[in-house]
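An overview of the molecular structure
Residues per chain are reported as follows:
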Amino acid sequence: MTSVPDASAALLQMRGVYKSYGERKILDRIDLDVQAREKVAIIGPSGSGKTTILRIAIGLVKPDAGTIRIDGAYLWHEETQAGLKPAGERHARKVRRAVGIVFQQFNLFPHMTAIENVREPLVHALGLSRAEGDARATDLLTQVGLKDHLTKHPAQLSGGQQQRVAIARSLALQPKIMLFDEVTSALDPELVGEVLRVVRDLAHASDMSMLIVTHEMAFAADIADRVLMFDQGQIVEEGPPAQVLKAPQNLRTRKFLRAVLER
Amino acid sequence: MSGFHWDWAFAWSIVPQLAQGVVVTVIATATGSALAFALGLIWTFVRIAQIRLVTPAVWFFVQFIRGTPLLIQLYFLFYVLPTWGLSVSALATGVIGLGLFFSAYAAEIYRAGIEDLPAGQWEAALTLGLPVRRVWTGIILPQAIRAVLPMLGNIVVNMFKQTALLSTITVLELLASGMAIGQMTYRFVEPLTLVGAFYFAVSYLAARALRALETRDDIRA
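Bear in mind that the values here come from a model prediction, so they are computed numbers and not experimental data.

Examining the overall build of chain A
Check the secondary structure of chain A and you find nine helices and twelve strands. For chain A, whose C-alpha radius of gyration is 19 Å, the value lies close to the compact-globule estimate of 18 Å for 263 residues. Taken over the C-alpha atoms alone, chain A extends approximately 55 × 50 × 35 Å along its principal axes. Of the contacts formed within chain A by residues at least 6 apart in sequence, a portion of 63% connects residues at least 24 apart.

Here it is as structure tokens:
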């Protein structure tokens, strides 16, 4: 493979990504691009590979085959004169810096306060001083409406508040692309709104690219430039939300949307 | 039957001497625990790091320590090591023996604490770009150690009781102090009763404290 610079190179570019666990095919040769500033929503039934594609995009899971490029750099390969050479965790660690992720289960550090959680990457990954880290963390937590909860531990916060801390923490490294993995699925229904509002504001105000796995169709319709329908490890339909969500062509998309709406 | 006789005046008179034994017992327990916790952490890391030859060797060593009586290990350290030119005081030998023995158990406890942490903690740390050293010192160990604190406390209590074995290698800890008094005065009832009562009192209170630690309602847990 030659590495000719691609003028239209996407911020996130996946080619032929394949992943199976034993006999079970999770992702079946996925090609997926997310352009700079683009917001892409992924919908689909559980087990369709949605979460796995996010975990692969940030390098938590290594695909069995295929390539992932983030902002031009290969995640699991190094470019040499002779072509692509497989690279390991040390290389992936550097490339991964441009990607942030918000998890379904928040994954906050329970022994740290809200501000300590957000300060953690600022101090230990970016190398800011504690004071600088605190100032920046305060800004970020204010941005997600948690100015009054800086010194609370996760256990003292509601699920919605915890997820907003997690969003602020992921923003700390100013990623070029942010991944959202069903960020409201673990929340009580009355707490979903406050988290979606934060993500929506972020989507409208920020230049970050976003790849969002969600079951909230109205939310996807509102913020996404493009919607991908996943089923059985493949993208079965994609297009603008007005098309995929309102006038789906694919039978499986129709069936899925009907099931979701009848909920 | 020579009759059981408890002499309060005698019992009081030997308290100061026993107190010196208590000091040695406490020192042995404290330093032995510190050594056990530090070595245990090293064994745990060696095991996790999967270093060729080193990890299997350490693992065998840990199994060996767990599979042989502490008393034999103490005798070995006390009688054999000096013949190899390594000689330290009896107390230091005892502390090393206790530390090594209990480090094998501490290693197992640390491992359980680390493995029980949710995978999400690792994933968050990794995706936030934290350096490996910080992931361990800032994220994983503080949580893992907090979770196994009651079990580590148990090690201290067990070691406290096992310090009595150091009397067999001439360390003048609590039991040896009591026995010395008995051999001097031919009265064993008072010293041994006081010694036993002290072990029980401390162990009982410690067990109560550990139970409180286990059931504590810790907002950070």
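Things to note about the overall build of chain B
Secondary structure assignment for chain B yields eight helices and zero strands. For chain B, the N- to C-terminal ordering of α and β elements is α-α-α-α-α-α-α-α. Taking the principal axes of the C-alpha coordinates as reference, chain B spans close to 75 × 50 × 25 Å. Buried positions account for 30% of the 221 residues belonging to chain B. Across chain B, every contact between residues at least 6 apart in sequence was considered, and the portion connecting residues at least 24 apart equals 79%.

What about the pairing of strand β12 (residues 234-239) of chain A?
All names here are of chain A. Where strand β11 (residues 226-231) meets β12, five bridges bridge the pair, whose relative direction is antiparallel. Bridge pairing in β12 links F230 to I235. Linking two consecutive strands that pair antiparallel, namely β11 and β12, is a turn of two residues; a positive phi of about 50° is found at Q232 within it.

Considerations on the sheet that holds strand β1 (residues 12-21) of chain A
Residue and element names in this part refer to chain A. Spatially, the four strands line up as an open sheet ordered β2-β1-β4-β5, and their pairing is antiparallel. Strands at the two margins of the open sheet, each flanked by one partner only, are β2 (24-34) and β5 (73-74). Here two bridges tie strand β4 (residues 65-70) to β5, and the two strands are oriented antiparallel to one another. The residue of β5 that forms the bridge with R69 is Y74. Where helix α1 (residues 50-57) meets the sheet, its contacts fall on β1, β2 and β4, and the angle it forms with β2 comes to roughly 60°.

Here we look at the sheet that holds strand β3 (residues 39-43) of chain A
Residue and element names in this part refer to chain A. A sheet is described by the order of its strands in space; here six strands give the open sequence β8-β9-β10-β3-β11-β12, paired in mixed fashion. Two strands in the sheet have a free side with no partner beyond their single neighbour: β8 (99-102) and β12. When the angles between neighbouring strand axes are averaged without regard to direction, this sheet yields 20°. Where β3 and strand β10 (residues 209-213) come together, four bridges link them in parallel fashion. Each residue of the ladder has a partner; that of V40, found in β10, is L211. Against the sheet, α1 contacts β3, β8, β9 (177-181), β10 and β11, and its axis sits at roughly 145° relative to β10.

Focus: the packing of helix α5 (residues 159-171) of chain A against helix α6 (residues 189-205) of chain A
Two quantities define a packed helix pair, namely the angle between the helix axes and the distance between the axes. Residues and elements named next belong to chain A. With their axes 8 Å apart at the nearest point, α5 and α6 run at an angle of 20° to one another. Here α6 runs roughly parallel to α5, going by the angle between their axes. Crossing of α5 over α6 shows right-handed handedness. Residues G159, G160, Q163, R164 and I167 of α5 lie in contact with α6, whose contacting residues are L191, E194, V195 and V198. Taken together, the residues that form the contact of α5 with α6 break down as four nonpolar, three polar and two charged.

Some thoughts on the interface of chain B and chain A
Across the contact, 18 residues belong to chain B and 20 residues belong to chain A. Listed by contribution, the elements that provide at least two residues to the side of chain B that touches chain A are α5 (119-127) and α6 (132-162) of chain B. Residues belonging to the side of chain B that touches chain A are distributed by class as follows: eight nonpolar, six polar and four charged.

Considerations on the environment of A:N250
Residue and element names in this part refer to chain A. Tracing the chain through its elements places N250 in the loop between α8 (241-244) and α9 (251-261). When the C-alpha positions of N250 and Y74 are compared, they lie 33 Å apart, and in sequence the two are 176 residues distant. When sequence neighbours within four positions are dropped, the list of residues in contact with N250 reads M229, V236 and E237.

Focus on unusual backbone geometry
At A:E182, a position not held by glycine, the phi torsion is positive, near 45°. Among the secondary structure elements, A:E182 is positioned in the loop between β9 and α6. Backbone geometry at B:T170 places phi at a positive 70°, although glycine is not the residue there. Examined against the element boundaries, B:T170 turns out to sit in the loop between α6 and α7 (174-185). The class of B:T170 is partly exposed, set by 13 C-beta atoms lying within 10 Å.

Observations regarding helix α3 (residues 114-124) of chain A
By the criterion of burial, α3(A) is predominantly enclosed, with eleven of the eleven residues buried. All buried positions along α3(A) are accounted for by A:A114, A:I115, A:E116, A:N117, A:V118, A:R119, A:E120, A:P121, A:L122, A:V123 and A:H124.

Quick notes on the nonpolar core
In this structure, A:A57, A:L141 and A:L211 are the most contacted members of the largest nonpolar core, which totals 79 residues. In contact with A:L141, not counting residues within four places along its chain, are A:A114, A:I115, A:V118, A:L146, A:K147, A:L150, A:V165 and A:A168. B:A144, B:F160, B:L174 and B:L175 belong to the second-largest nonpolar core, a separate cluster that totals 37 residues.

With respect to the pairing of strand β6 (residues 77-80) of chain A
Residue and element names in this part refer to chain A. Of the pairings in the sheet, the one linking β6 to strand β7 (residues 83-86) comprises four bridges and is antiparallel in character. Within the sheet, the bridge partner assigned to T80 lies in β7 and is G83. Counted between consecutive antiparallel strands, the loop separating β6 from β7 contains two residues.

Observations concerning helix α4 (residues 130-143) of chain A
Residues and elements named next belong to chain A. Between the first and last C-alpha of α4 there are 20 Å, a value that for 14 residues agrees with the 20 Å anticipated at 1.5 Å per step. All buried positions along α4 are accounted for by G133, A137, L140 and L141. The arc enclosing the buried residues of α4, seen along the axis, measures out at 95°, which places them on a common side. For α4, the secondary structure elements touched by its buried residues are α3 and α5. Looking one or two places after α4, you find G145, whose phi comes out positive at around 75°.

Rules used throughout
- Residues numbered from 1 in each chain as written.
- Chains lettered and ligands numbered in written order.
- Predicted model: local features only at pLDDT ≥ 70, side-chain atom pairs only at ≥ 80, totals over all residues.
- Helix = DSSP H or I, 4+ residues; strand = E, 2+ residues; numbered from the N terminus.
- Rg over C-alpha atoms; globule rule 2.2 N^0.38 Å.
- Contact = placed C-beta atoms within 7 Å.
- Buried ≥ 20, exposed ≤ 12 C-beta atoms within 10 Å, placed from the backbone.
- Pairing = 2+ DSSP bridges.
- Axes fitted to C-alpha atoms, helices over the stretch in contact; angles between N-to-C directions.
- Parallel < 35°, antiparallel > 145°, perpendicular 65-115°, else oblique.
- Left-handed = near helix turned anticlockwise from the far one by under 90°.
- Nonpolar A, V, L, I, M, F, W, Y, C, P; charged D, E, K, R; others polar.
- Core = buried A, V, L, I, M, F, W, Y, C linked by C-beta atoms within 7 Å.
- Expected span 1.5 Å × (residues − 1).
- Arc of directions from axis to C-beta.

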